[in-house]
Amino acid sequence: MRTQMETVLQQIQNNIGAALTHIDGTPFQEDSWTRAEGGFGRTRVMQHGNVFEKVGVSTSTVLGTLTKEAAKLAMGREVQFDGERTPFFATSISLVIHPHNPMAPTAHMHYRYFELGEGVGGAEGTNWTFSGSADLTPCYLFAEDVIHFHHVHKQVCDRYDESFYPRFKQACDAYFYLPHRGEHRGVGGIFLGNLSGDDGEREMLFSLTQDCAEAFALAYLPIVERRKAMPFSEEQKEWQRLRRGRYVEFNLVCDRGTAFGLKTGGRVESILMTLPLIAGWEYSYQPAPESAEAYMQEVLQTPRQWL
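For the structure given in this document, a descriptive report is provided here. Please read these numbers as outputs of a predicted model, since none were measured by experiment.

A few words on the packing of helix H1 (residues 2–24) against helix H5 (residues 202–227). Where H1 contacts H5, the axes come no closer than 11 Å and their chain directions differ by 5°. Compared by their axis directions, H1 and H5 come out roughly parallel. Where H1 approaches H5, its residues Gln 4, Met 5, Val 8, Ile 12, Ile 16, Ala 19, Leu 20 and Ile 23 are matched on the opposing element by Glu 203, Phe 206, Thr 209, Gln 210, Ala 213, Glu 214, Phe 216, Ala 217, Leu 221, Val 224 and Glu 225. Looking at the contact of H1 with H5 residue by residue, the classes come out as 13 nonpolar, three polar and three charged.

Printed below as a string of structure tokens:
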């Protein structure tokens, strides 16, 4: 399973990278790196492109040992093991896209396979998980874009279990939330959490995770194609900078993946590639009443059922 997942995620990185290069016309900068404690990765970043301000697509395979605190963060539950540390394995893909045009939404995707110890079941339950998410963060709301993004992911989930999409959608709304702001980072998507089961279920969950990761391109790329050339003003660009400030706040204050990467000595440039090139914070900013910006802020404060 380690090799299968690693191969699939690297192929997805190649495919979506090629699609983004085709849209933008700018090549990616690539860094291949190794980790002293064990593991390697391939980080690709596009900056100052024609359509995209910044894109990061990174794959990594990391081995080493974890403390109980870090293992709890990775597994999403308390874990017990002898000694102070236990071996782990993780392979993942992370992607974030920040377009220039404020009418085109930021988008994020992350999928991962994780094993604790030898990755087999034990007294404390299964010690492997699949996890992942895909979410959309617009500055200006186009309902048809959000509906399309959710619809594509629902179609994938429904092939496995019709209860998956509503469950993952609710989990996404709950996770991508800034409690200190009382608002959500964006308009959601899906959040798989930590999926595990008996060893007989591992192949099904692998297939689900692969299909969700591969669906991201179909869910997002038509949206950016539709919005990339729309006219916009400097005032709208400023609103984009303020919304990206919220994006930074979530990633640095609330995101468990960022915390896990930094706690386990991950490669800092790859972990923080998700941050936009430019973000802003204006003291006590309030959008004009009944404006498109005020409407967007209202939507972010109350999740909706888009389908």
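Core analysis: the biggest nonpolar cluster contains 61 residues, and Leu 20, Phe 52, Tyr 111, Phe 216 and Tyr 220 have the highest contact counts within it. If you tally residues by element for this core, the top one is H5, at twelve residues. Each residue touching Phe 216, except ones within four places of it in the same chain, is listed here: Ile 16, Leu 95, Ile 97, Ala 107, His 108, Met 109, Ala 134, Phe 149 and His 153.

Within the element layout of this structure, Asp 198 appears in the loop between strand S9 (189–191) and H5. Asp 198 sits in the partly exposed class, given a relative accessible area of 48%. When the C-alpha atoms of Asp 198 and Leu 277 are compared, they prove to be 43 Å apart, with 79 residues separating the residues in sequence. Separated by 2.9 Å, the side chain of Asp 198 and the backbone nitrogen of Gly 200 make a polar contact.

If you trace the seven strands from one edge of the open sheet to the other, you get S1-S2-S3-S4-S5-S6-S9, paired in antiparallel fashion. Either end of the sheet is taken by a strand with one partner, and the two such strands are strand S1 (29–34) and S9. The sheet shows a mean angle of 10° between the axes of neighbouring strands, taken without regard to direction. Summarising the sheet, S1 and strand S2 (residues 39–47) pair through six bridges and their orientation is antiparallel. What sits directly across from Ser 32, in S2, is Arg 42. Contacting S2, strand S3 (52–67), strand S4 (85–99), strand S5 (106–116) and strand S6 (128–137), H1 runs over the sheet at an angle of about 165° to S3. Helix H4 (residues 164–175) rests against S6 and S9 of the sheet, and its axis sits at about 90° to S9.

We now examine the pattern of salt bridges. On inspection of all chains with the given rule, the structure shows 20 salt bridges. The partner of Glu 69 in a salt bridge is Lys 263, and the shortest N-O contact between them spans 3.2 Å. Within this pair, whereas Glu 69 is found in helix H2 (residues 68–75), its partner Lys 263 is found in helix H7 (residues 256–263), the two being separated by 194 residues in sequence. Using a relative accessible area of 54% as the deciding quantity, one classes Glu 69 as exposed.

About the cut-offs
Residues numbered from 1 in each chain as written. Predicted model: local features only at pLDDT ≥ 70, side-chain atom pairs only at ≥ 80, totals over all residues. Heavy atoms only, no water. Axes fitted to C-alpha atoms, helices over the stretch in contact; angles between N-to-C directions. Helix = DSSP H or I, 4+ residues; strand = E, 2+ residues; numbered from the N terminus. Parallel < 35°, antiparallel > 145°, perpendicular 65-115°, else oblique. Contact = heavy atoms within 4.5 Å. Nonpolar A, V, L, I, M, F, W, Y, C, P; charged D, E, K, R; others polar. Core = buried A, V, L, I, M, F, W, Y, C linked by side-chain atoms within 4.5 Å. Buried < 20%, exposed > 50% of the residue type's maximum accessible area, 1.4 Å probe, protein only. Polar contact = N/O pair within 3.5 Å; in protein donor to acceptor, adjacent residues only side chain to side chain. Pairing = 2+ DSSP bridges. Salt bridge = Lys/Arg side-chain N within 4 Å of Asp/Glu carboxyl O.

All quantities given are derived from atomic positions and should not be read as evidence of function.
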